[in-house]
Protein chains: 2
Amino acid sequence: MSPKITGELLKHLRQVMKNCKYFSEPIQAYIIPSGDAHQSEYIAPCDCRREFICGFNGSAGTAIVTEQHAAMWTDGRYFLQASQQMDNNWTLMKMGLKETPSQEDWLISVLPENSKVGVDPWIIAADQWKNMSKALSSAGHSLVAVQDNMIDVVWTDRPERPSTPLRTLGLEYTGMSWQDKITTLRAKMTERKISWFVATALDEIAWLFNLRGADIEYNPVFFAYSIIGMNTIRLFVDLKRLSHPTLRDHLQLDSPSRPELSIQTFPYESVYTELQAICAALSPKDKVWICEKASCALTQVIPKSHKAPIPYTPLCLAKAVKNATEIQGMKMAHVRIKDAAALCEQFAWLEKEIPKGTVTEISAADKAEELRSQQKDFVGLSFPTISSVGPNGAIIHYRPLPETNRTLTTNEIYLIDSGAQYVDGTTDVTRTMHFGTPSAFEKECFTNVLKGHIAVSAAIFPNGTKGHLLDSFARAALWESGLDYLHGTGHGVGCFLNVHEGPCGISYKTFADEPLEAGMIVSDEPGYYEDGCFGIRLENVVLVVPANPKYNYRNRGSLTFEPLTLVPIQVKMMNTELLTQKERDWVNEYHRKCREVVGAELERQDKKEALEWLIRETQPVV
Amino acid sequence: MSPKITGELLKHLRQVMKNCKYFSEPIQAYIIPSGDAHQSEYIAPCDCRREFICGFNGSAGTAIVTEQHAAMWTDGRYFLQASQQMDNNWTLMKMGLKETPSQEDWLISVLPENSKVGVDPWIIAADQWKNMSKALSSAGHSLVAVQDNMIDVVWTDRPERPSTPLRTLGLEYTGMSWQDKITTLRAKMTERKISWFVATALDEIAWLFNLRGADIEYNPVFFAYSIIGMNTIRLFVDLKRLSHPTLRDHLQLDSPSRPELSIQTFPYESVYTELQAICAALSPKDKVWICEKASCALTQVIPKSHKAPIPYTPLCLAKAVKNATEIQGMKMAHVRIKDAAALCEQFAWLEKEIPKGTVTEISAADKAEELRSQQKDFVGLSFPTISSVGPNGAIIHYRPLPETNRTLTTNEIYLIDSGAQYVDGTTDVTRTMHFGTPSAFEKECFTNVLKGHIAVSAAIFPNGTKGHLLDSFARAALWESGLDYLHGTGHGVGCFLNVHEGPCGISYKTFADEPLEAGMIVSDEPGYYEDGCFGIRLENVVLVVPANPKYNYRNRGSLTFEPLTLVPIQVKMMNTELLTQKERDWVNEYHRKCREVVGAELERQDKKEALEWLIRETQPVV
C-alpha cells in the first residue's frame, strides 16, 4: 500500500479556499466529512471526497485542511491503514487516544483569530453542524456553509452520480403497498400534529416506495429525496429513471388511484428549492419532521418555529419492524436454497481443499460469492466479505487484499463474515472454524464467545426492553475470564436493504436505541480477538419473537429471539466441559433445526457432500 | 389520611401572584418544585414548600398554580398517597401515564397568550430551567425568575432554616485532610484550565471540609456553599456555627498554615453577591465550574463565556471513590459491633416475639432503631425504615403509619429495609423473611431475586464498565420467569454521608453514570413485588474491588464486588433446586463469612440468642 501523493492537490484546494468566486471572504479552513448528502454508511464513488483529498479509504474519517495544515481524524480500526494511505502532508489524528485533540479544539489551536471555517452543508449532519458551530463561535471563529463543494472543484475526473435502473417490489416481497405505507405515515403525522415529513435516508425512501436500486455497492438503494404532506407526495429522483412502464405503473404516475396518493416527481437536485417553496407557504401551526441526522443544508431550510427534529424517523421504526411477508422472505433468504445451503457447500469444499494448500482468503471469499450467486434471487453481496486467517482474523474490519492474502491451513483459525442481498431478504453470518486441531486456549475463547452468543439468543426479556440492556449478557462469560471484545453485539438488519439499519441494536452504546419489538431483526455477534494470533466471532441473524414464560408481570408480555441463520457452529472448537447443560441443550436444539431445515433443502438440491458435512457437524454434544 | 384544605391558601397565593411588589408585572402561573437550593434529595422542614401548598408530602412532586388551576405532578410510587393528601382544589398529574401532559404542555394548554410563569430560581436546577424556559418561549410565554419565594410570603409559620452544631471528623475517619482535598481539587482545576469552582451540593461541602451537621434528617449535612479559587477558599455558612474552638482549629480559621489554604468565611446568604463580585473580576480566559444540577440562580450569575457546566463535580467523583480509611470505617459500620450484630439481634427477637402477635411494622422498626442506637458511634438512621408486612411490602417506598400498621405474623412475608449513620460509615440493608412457612410461589420469586443479587455481586467486569451495564444481570432470572421490578438495582452510598449519592449506580437508566472504580460503594438490591400480596427485596452494600480472572485483556484489569453487609439471607425462603451449584457455593461462602465475622463479634458482645440464630441461619445449603 503506497500513500497517495497529495501536495499538488492540497495546493490547488488552498487556492480555491482563497477564491472569492465561491464565498464572500476567503476561508481559513475547510472540513471534508466522510458522508454523502443522505448520511449513508456506504457511499458511492462520486461521494468519496475525503478519500480523494487524502488517500485514506476507510469507512470513517474526517479531513480538515487549513492554510498551513492538513489533518485527518479516524478511529482505532483504521490507524494503521490511514498511516499507510496518507503521505506526509497529512497528520493522522488518532481518535480515542487521550492526547488527540477534537476537531474543534485542534481548529481553535491552529486558526488565526476570527477565522472562517467552511464545510459543504449537504454532507454534514445538522447535529454535527450545531456542535461544531457552537465550539467555533465560542472561540471567535465561524462555521460557514459553502454551497459549492470545494473538493468537487479540484476533482477533475470525479465520477458521475450513479443512476442505476430501479426495481419494483410487489406485495409478495413487501407485504404492504407503498400507498398503505404512506397512509400509515400520515396517520402518525396526524397523531403528532405534523404537516410535512422530509425523507432523506436512502433506505427509508426505497422501503417507502417499495423500490430498489443499485446506486451504492452492497446497498440496494437509489439517490432520492421525498417530501410527504397530508395531501401530496413529492419524489426527487433523476427523472430519466422513471420512464419504464412497469415503474410508472408501480408508482401510478400516470393514473393515480386517489389524488392524495398521486406522486409528483421532481429532479433530484430540486429538493432544496422545493422545500423552500413549501416552507414559504407554511401556516403558523405547521410543523415539519426531519431527522436530526439529515443534512444541515436541508434542515436549515425549515424555519426554526416550524422545525420538529426527531432522532429517527417514523419510517426508520416502521421499516425495522418486519411484517409477516418480510419475515418469511428473510427466513427464505437465510435458509432455503440460499445462504445456509451455500455456506454448507462452502465449508464442505473448504474441508476438502484446504489440505491441498491452494485456498487463500481471497479465493475462499470468491468461492462463497460464487456459491451464493448460484442461489435463486441473488442480487449481490450485502457487504465486503471478511475472509481472514490466523492473525488477520484479529483485525475486526479486515478485508483481504493481495498484499495481505493468507493461505488457509489446518494450523490456523479461519473466520468468515459474509452476507448477500436476495430479492426477498438480506443475510449476514459469521462462522469461525479450525480445519486442524485447535489449541486449548482457542477452544476456551471460542466457548466463551459461544456462551455469550447463546446468552443473548436465549434471553427472555420484557416488552419495551432496549437492546443495550442485553449487551452484557453477551460479555459475561468472557468478562469472567478477563476477556472482552471492542465492538457492539448486534445491529438491525434490513429486508433486501442495508445490512446495518437502525433504530434498534444490541450495544453498550445507548444512543438512538429504540425498544426491541416482535418483528425486529438484529444480529447477535459476540467475538474475541487475540491480536497477532486469531479472531473469533459467531454471528446469527435473529428475529425478535414473543416469549411465553411462566408468569406475565403487569401484562407486559415477554420477548425472545429466534435464529434465522441456520449454519452449524463448529463443535470441534467448543470445550463442551465449559458449557452448562442448558447451553448444551441450546446447541443441540440449534443443530437439530439446522439439520432438519437445511438438510431437507440440501437433499432437494442433491448436494451430497454438503449434506454429509451438515450431518457430521450437527451431531449432538454431550 | 385526610387531605389538606387549601382553598384559602391558594386564594392568598393568587393574590400575591398579582402583586407587583414582587415583580414588575403580574404572573399567570407559579411553579413550586420539591427541592431546596442545593437540590438535596431529602429536605429540611423550612424547604417543604410544595407540601405546604398542596398537602402532598412525598419525596418527588412539582406543583403549579395558575389563576384558575392548581396541579401537582408526581410518579407512580405516590399516586395513591397524593390523591389522599390533596383536596379537590388540586388536579393530580400522574407522571408516566400516556394521557398525562408534561408540565410544559399543560401550561401551554391552560395559559392565556403571552403569559409569565414564575419560579424561585434557587430551587429550580439550571438544566430544568433551561428546558422549561425553551418550551414556554416557543409557545409565546416566558419563564420569570422571582427572587422572593411566593410560598414563603403566604407561609406565615414557616420553620427556621436549621443550624445544628457542626461535627469535625479527624483523619482517623476521613483518611484525608480537607487541605489535601482542596489541593487535589485544585490540581484537577489546573488540569482542565478552570479558575473557580462553585460547590453547591451539601454532601460535597461536608465531605470536602471533613465536617458533618444535622440540618436535614437522615443526612449528616449542613447548609453551606463554597467557592474555591486557585488561591482562595470561601465558605458560606451561618457564621454563628463557627464559634467553637475545635471547629476554628479544624478549619484553621485563626492561623492558616499556608495563605492559599486560608478559609474566608461569609454568611450563607451572601453567596450570590460574592459570586457576582468574583465574576465581575474574571479575566477573559477564566472558566468557572458549576454543576448542571446547581440552582438556576447561582448558575445565571456566571457569564456564559466563563461558565463551564459539568454533569457532576470533581468532588462528587472523589467522594464516591472511598480511601482505605473510609473503606475500613464502612466495614466497621456494617459489621463489627454494628449493623449486622444489631440485625441478628433483631431477627432473633422477631422470631421469638412474632408468634405472640404483639409485633407490628412500627414496633419492629422501633426495635431495629433501638438496637442500632445501642451500638458504638451511632448517630441516627440513614433513611426512614421501611418495615412492611404482606401487601404493604409491595409498596416499594412504604413507610409504616398508624393507619396502615400491620401486625407481623407467621403467615406473611416481612420486608425490612433500614440503615443507620455511624461516625465511621453509613449502612443500608434489606432482608425479606418468612417466620412461618412460605408458599412455593413466594420461594420461587425470592430465589429469582436472590439469583439476580448473586449475579451482580459475583460479576466480574472490566475496569471502566458503567454500572448500567450490570443492571440486566440482576433481572435475567426474573425475566426468564416473566417477572421484573420497576426500580434500579443499586445506588452509590456515602461514608457517614447521604445514603444515596452519585455519580455511580446500577440501573437501566443511564444518565450521569460514571464508570465503576475500585473503592466505590454501591447497593445491590433487586426485588420482586406482587401487588396486594407481598414484596421481596435483598439488599447488600457492596464495595468495588479488583478481580483477578485468568486473563487480562489489553491490560485493562477487572473488577468485582465484595459484600460489606454481612447479614444472613433466609434459607427458608430459597428453593435451592432453582440455584446452580455456583449460586449455592456463593450462598454458603457468604454465610460462612457472616458466621465468622459477625459470629465472633456477637460472641464478644455475649449476645447468645443472636449468635444461636446466626449459626442456625448460616447452615450450608446443598
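Residues numbered from 1 in each chain as written. Chains lettered and ligands numbered in written order. Predicted model: local features only at pLDDT ≥ 70, side-chain atom pairs only at ≥ 80, totals over all residues. Heavy atoms only, no water.

By the naming in an unreviewed UniProt entry, chain A goes by Xaa-Pro aminopeptidase 1 and is assigned to Mastacembelus armatus. Entered under Cofactor (unreviewed entry) in the UniProt record, the comment concerning chain A runs "Mn(2+)". The UniProt entry for chain A carries the following text under Subunit (unreviewed entry): "Homodimer." (UniProt positions renumbered as here; feature names shortened; annotations may be inferred.)

Asks: Got a sec to walk through the sheet that holds strand β3 (residues 70-74) of chain B? Specific residues and values, please.
Replies: Residues and elements named next belong to chain B. Spatial ordering of the open sheet is given by β4-β3-β2-β1-β5-β6, a layout of six strands whose pairing is mixed. One side of each edge strand has no neighbouring strand; the edge strands of this open sheet are β4 (91-94) and β6 (142-145). Adjacent strand axes in the sheet meet at a mean angle of 25°, parallel and antiparallel pairs treated alike. Along the sheet face, helix α1 (residues 7-18) touches β1 (29-32), β2 (62-66) and β3 and points at about 70° away from the line of β2. Relative to β6, helix α5 (residues 126-138) is tilted by about 140°, and along the sheet it contacts β1, β5 (116-119) and β6. (Pairing = 2+ DSSP bridges. Helix = DSSP H or I, 4+ residues; strand = E, 2+ residues; numbered from the N terminus. Axes fitted to C-alpha atoms, helices over the stretch in contact; angles between N-to-C directions. Contact = heavy atoms within 4.5 Å.)

Asks: Please give an account of helix α19 (residues 581-604) of chain B that cites residues and values.
Replies: All names here are of chain B. With 24 residues, α19 extends 34 Å from end C-alpha to end C-alpha; this agrees with the ideal 34 Å at 1.5 Å per step. Maximum bend of α19: about 30°, positioned at Val 598. Regarding α19, the residues found buried are Glu 583, Arg 584, Trp 586, Val 587, Tyr 590, His 591, Cys 594, Val 598, Gly 599, Glu 601 and Leu 602. Check the buried side of α19 and you find it contacts α15 (339-353), β20 (429-434), α17 (440-457), β27 (540-547), β28 (558-563) and α20 (608-617). The positive-phi residue at the C-terminal boundary of α19 is Asp 606, with phi of around 60°. (Expected span 1.5 Å × (residues − 1). Bend = angle between axes of the 7 residues up to and from the residue. Buried < 20%, exposed > 50% of the residue type's maximum accessible area, 1.4 Å probe, protein only.)

Asks: Let's hear about the environment of Glu 480 of chain A: which residues, and what values?
Replies: Here Glu 480 of chain A is to be found in helix α18 (residues 471-480). A relative accessible area of 40% places Glu 480 of chain A in the partly exposed class. Sequence spacing of Glu 480 of chain A and His 141 of chain A is 339 residues, and the spatial spacing of their C-alpha atoms is 50 Å. Beyond its immediate chain neighbours, meaning those up to four positions away, Glu 480 of chain A contacts Ile 460, Pro 549 and Lys 582 of chain B.

Asks: With reference to specific residues and values, describe the sheet that holds strand β10 (residues 225-229) of chain B.
Replies: All names here are of chain B. Across the sheet, six strands lie side by side as β12-β11-β10-β8-β13-β14; this open sheet has mixed pairing. The outermost strands of the open sheet, each flanked by one partner alone, are β12 (263-266) and β14 (307-310). Geometrically, the sheet is characterised by an average inter-axis angle of 20° between neighbouring strands, direction not taken into account. Taken together, the four bridges between β10 and strand β11 (residues 233-236) define a ladder with antiparallel strand orientation. Bridge pairing in β11 links Ser 226 to Leu 235. The strands touched by helix α8 (residues 178-191) are β8 (196-199), β10, β11, β12 and β13 (288-291); relative to β10, the strand with the most contacts, the crossing angle is about 60°. In the packing of helix α9 (residues 202-209) onto the sheet, contacts are made with β8, β10, β11 and β12, and the angle to β10 comes to roughly 60°.

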